Amino acid sequence: MHELSIMQGVVELCEQHSGGRPVLAVTLQIGALSGVVPEALEFCFEAVTKGSLLEGARLEIERIEATGYCSECGILSRIDTYFDSCPSCGALSLTLRTGEEMRVKDLEVE
Ligand SMILES: [Zn+2]
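Residues numbered from 1 in each chain as written. Predicted model: local features only at pLDDT ≥ 70, side-chain atom pairs only at ≥ 80, totals over all residues. Heavy atoms only, no water.

Chemist: With reference to specific residues and values, describe the overall build of the protein.
Modeler: In terms of helices and strands, the protein carries two helices and six strands. Beginning at the N terminus, the succession of helices and strands in the protein can be written as α-β-α-β-β-β-β-β. Along the longest, intermediate and shortest principal axes, the C-alpha atoms of the protein span 55 × 25 × 15 Å. Counting the 110 residues in the protein, one finds 37% classified as buried. For the protein, long-range pairs separated by at least 24 residues make up 72% of all intrachain contacts whose partners lie at least 6 apart in sequence. Summing over all exposed atoms, the protein offers an accessible surface of approximately 6500 Å²; the carbon and sulfur share of this is 50%. Each charge sign in the protein was given a centre, from 8 positive and 18 negative side chains, and these centres are 4 Å apart. (Helix = DSSP H or I, 4+ residues; strand = E, 2+ residues; numbered from the N terminus. Buried < 20%, exposed > 50% of the residue type's maximum accessible area, 1.4 Å probe, protein only. Contact = heavy atoms within 4.5 Å. Areas by Shrake-Rupley, 256 points an atom, 1.4 Å probe, with all protein chains shown as cover. Lys, Arg positive; Asp, Glu negative; His and termini not counted. Charge placed at Lys NZ, Arg CZ, Asp CG, Glu CD.)

In structure tokens form, the structure reads like this:
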């Protein structure tokens, strides 16, 4: 379960940025193609934050849908996998615009 090590990284990052103050809430952005399972992050959040500045903090997860840009017809469309074709013209050369996000968007400190 690599979400555990991801969450540990998030905690470290938040502690570095909180200036030593307790963290009340953290907002993460998780892309649909990031390979990270939001439920698994939520599941290990409490255990990972125990004893840290994030203990008791609220975890918000924003899911970012994956979108691909078609250079053939100039349309940006929602996709489900890396191998989706353009829903408009069928081209296979979509450029991924969003969907791989795995980042801390916001941090609320006391
Ligand atoms: Zn197209």
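Chemist: So what's going on with the side chain of Ser18? Which residues, and what values?
Modeler: As for its position among the elements, Ser18 is in the loop between helix 1 (3-17) and strand 1 (23-31). On the accessibility criterion, Ser18 (2% relative accessible area) is buried. Looking at Ser18, its side chain comes within polar contact range of the main-chain oxygen of Arg21, at 3.1 Å. For Ser18, the contacting residues outside a window of four places in its chain are Val23, Leu53, Leu107 and Val109. (Polar contact = N/O pair within 3.5 Å; in protein donor to acceptor, adjacent residues only side chain to side chain.)

Chemist: A description of the environment of Leu28 should follow, citing residues and the corresponding values.
Modeler: On the secondary structure map, Leu28 appears in strand 1. The class for Leu28 is buried, based on a relative accessible area of 0%. Expressed as a C-alpha distance, the spacing of Leu28 and Arg78, which sit 50 residues apart in the sequence, is 21 Å. If sequence neighbours within four positions are ignored, Leu28 has contacts with Met7, Val10, Leu41, Leu59, Glu60, Ile61, Glu62, Arg103, Val104 and Lys105.

Chemist: Lay out the nonpolar core with the relevant residues and their values.
Modeler: Buried together is how nonpolar side chains tend to be arranged in soluble globular proteins. In terms of nonpolar packing, the biggest core is built from 18 residues, with Met7, Val26, Leu28, Leu41, Phe45, Leu54 and Leu59 touching the most fellow members. Secondary structure elements with two or more residues in this core: helix 1, strand 1, helix 2 (38-49) and strand 2 (58-64). Element by element, the count of residues in this core is highest for helix 1, at five residues. Counting residues in each nonpolar core, the second largest holds seven residues, with Leu33, Ala66, Cys86 and Leu94 among its members. (Core = buried A, V, L, I, M, F, W, Y, C linked by side-chain atoms within 4.5 Å.)

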